[in-house]
Amino acid sequence: MMAFTRDWALTPSTLVAYAGATWDWHRLHHDAAYAAGRGLPAPIVDGQMFGALLAELVLGWAGPGAVLRSLHLRFAAPVYAGETVRCTGQVTAVNLDVVSVDLRVEVPADGRIAVRPAGAEVGLASADRLARLRLLTSTGEILG
Amino acid sequence: MKLLTEELRAEIGRELVYTAPEELGAASIRYFALAVGSTRPEYAGPDPIAPPTLICETNQYAGRTPDADGYAGHGWDLDVPGTRLVRGGNRYEFHQPARASDVLTVTWRLSGMDERVTGAGQAMLVVTSTATYRNQHGDLLAVNTETLLYVAVAA
């Protein structure tokens, strides 16, 4: 299978940095007392951050010059400050220079699925890489 | 429990347009890239491009005053009694990378509302919105279809 993965440790500092970078200061994402008052164990990771992580995952895998064409994601369960998430992609199709991938975000510590279904289409710049992917597609290896 | 009232239904089709008060900026792009753990070189330097989802995630263009919870982004301010609001998901189309020198104009449209039932049997109102992002030259940068869920809470 043509799968790729990356882990992100989402520390309280990470959440504060993301809140600042997106001009989103909702207390749910950084204020532990506010979260506790709502029965939550810790501040919640802003769901939109997973879009950024999945885009980074896909572009990192696709290599220099790649262009993300589309991305979709559905939130399945909350992730809390201090947890580590694992983002995984799997190639499902190659059409001309555009590669389709299935994506998911999970919390390895307890197997919780945070984002699924999700997927993206990315345009690859590397002709060699595309040729290799097409070969894998034709042999059925990508779909396992 | 009926969530989709006639008053709410009348909101379908509503539009709000925001134009950022300044350029996106190279520092904002580098800051966002750092926050999501990216070291890609195209996000740094004097004239970087933005990571694709940045313009869909930032509230920089909205210019809204933070509410009591600290939120300063776009919202429809819908009143759906007896529910809690959770994010459903997003569907992004990327047409052209935003650049540091771009000034965003974002058009939000409340495109639909549907009443459904969660897997746990709770009533919920599914609100779908579409945001279209353009720069000061009128170039289409991205389209974001966002789903918000107003899920009924036990009385």
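Above: the structure in question.
Participant: Now, about the sheet that holds strand β3 (residues 83-95) of chain A: what can you tell me, with residues and values included?
Facilitator: Pairing in this open sheet of ten strands is antiparallel, and the strands run β1(A)-β3(A)-β4(A)-β5(A)-β2(A)-β2(B)-β5(B)-β4(B)-β3(B)-β1(B) from one edge to the other. Of all strands in the sheet, those with a lone pairing partner are β1 (3-10) of chain A together with β1 (15-19) of chain B, marking the two edges. The average undirected angle you get between the axes of adjacent strands in this sheet is 20 degrees. Taken together, the nine bridges between β3(A) and strand β4 (residues 98-107) of chain A define a ladder with antiparallel strand orientation. Within β4(A), the position partnered with Gln90(A) by the bridge is Asp102(A).

Participant: Provide a residue-level description of the packing of helix α1 (residues 12-21) of chain A against helix α2 (residues 26-35) of chain B, including the pertinent values.
Facilitator: Following both chains from N to C, one finds α1(A) and α2(B) inclined at 155 degrees, their axes separated by 9 Å at the closest point. It follows that α1(A) is roughly antiparallel to α2(B) by the angle criterion. Taken as a pair, α1(A) and α2(B) cross one another with a handedness that is left-handed. Residue-level inspection shows Thr14(A), Val16(A), Ala17(A), Tyr18(A), Gly20(A) and Ala21(A) of α1(A) in contact with α2(B), the latter providing Tyr31(B), Phe32(B) and Ala35(B). Residues of the contact of α1(A) with α2(B), tallied by class, amount to seven nonpolar, two polar and no charged.

Participant: I'd like a description of the interface of chain B and chain A, backed by residues and values.
Facilitator: Chain B puts 31 residues into the contact, and the matching count from chain A is 34 residues. Roughly 2,700 Å² of surface becomes buried between chain B and chain A when both sides are summed, with 53% attributable to carbon and sulfur atoms. In this assembly, chain B and chain A are joined by one salt bridge. When the shortest N-O distance is used, the salt bridge between Asp46(A) and Arg87(B) registers 4.0 Å. Linking chain B with chain A are 16 residue pairs in polar contact (both at pLDDT 80 or more), by the criterion used here. Secondary structure elements with two or more residues in the side of chain B that touches chain A: α2, α3 (54-57) and β2 (83-94) of chain B. Of the residues forming the side of chain B that touches chain A, the biggest block, eight residues, is contributed by β2(B). Two strands pair when backbone bridges link them, and strand β2 (residues 67-75) of chain A and β2(B) are joined in this way by five bridges, in the antiparallel orientation. Residue pairing for β2(B): Ser70(A) is matched across the bridge by Glu93(B).

Definitions and limits used
Residues numbered from 1 in each chain as written. Chains lettered and ligands numbered in written order. Predicted model: local features only at pLDDT ≥ 70, side-chain atom pairs only at ≥ 80, totals over all residues. Heavy atoms only, no water. Pairing = 2+ DSSP bridges. Helix = DSSP H or I, 4+ residues; strand = E, 2+ residues; numbered from the N terminus. Axes fitted to C-alpha atoms, helices over the stretch in contact; angles between N-to-C directions. Parallel < 35°, antiparallel > 145°, perpendicular 65-115°, else oblique. Left-handed = near helix turned anticlockwise from the far one by under 90°. Contact = heavy atoms within 4.5 Å. Nonpolar A, V, L, I, M, F, W, Y, C, P; charged D, E, K, R; others polar. Buried area = accessible area lost by both parts, 1.4 Å probe. Salt bridge = Lys/Arg side-chain N within 4 Å of Asp/Glu carboxyl O. Polar contact = N/O pair within 3.5 Å; in protein donor to acceptor, adjacent residues only side chain to side chain.

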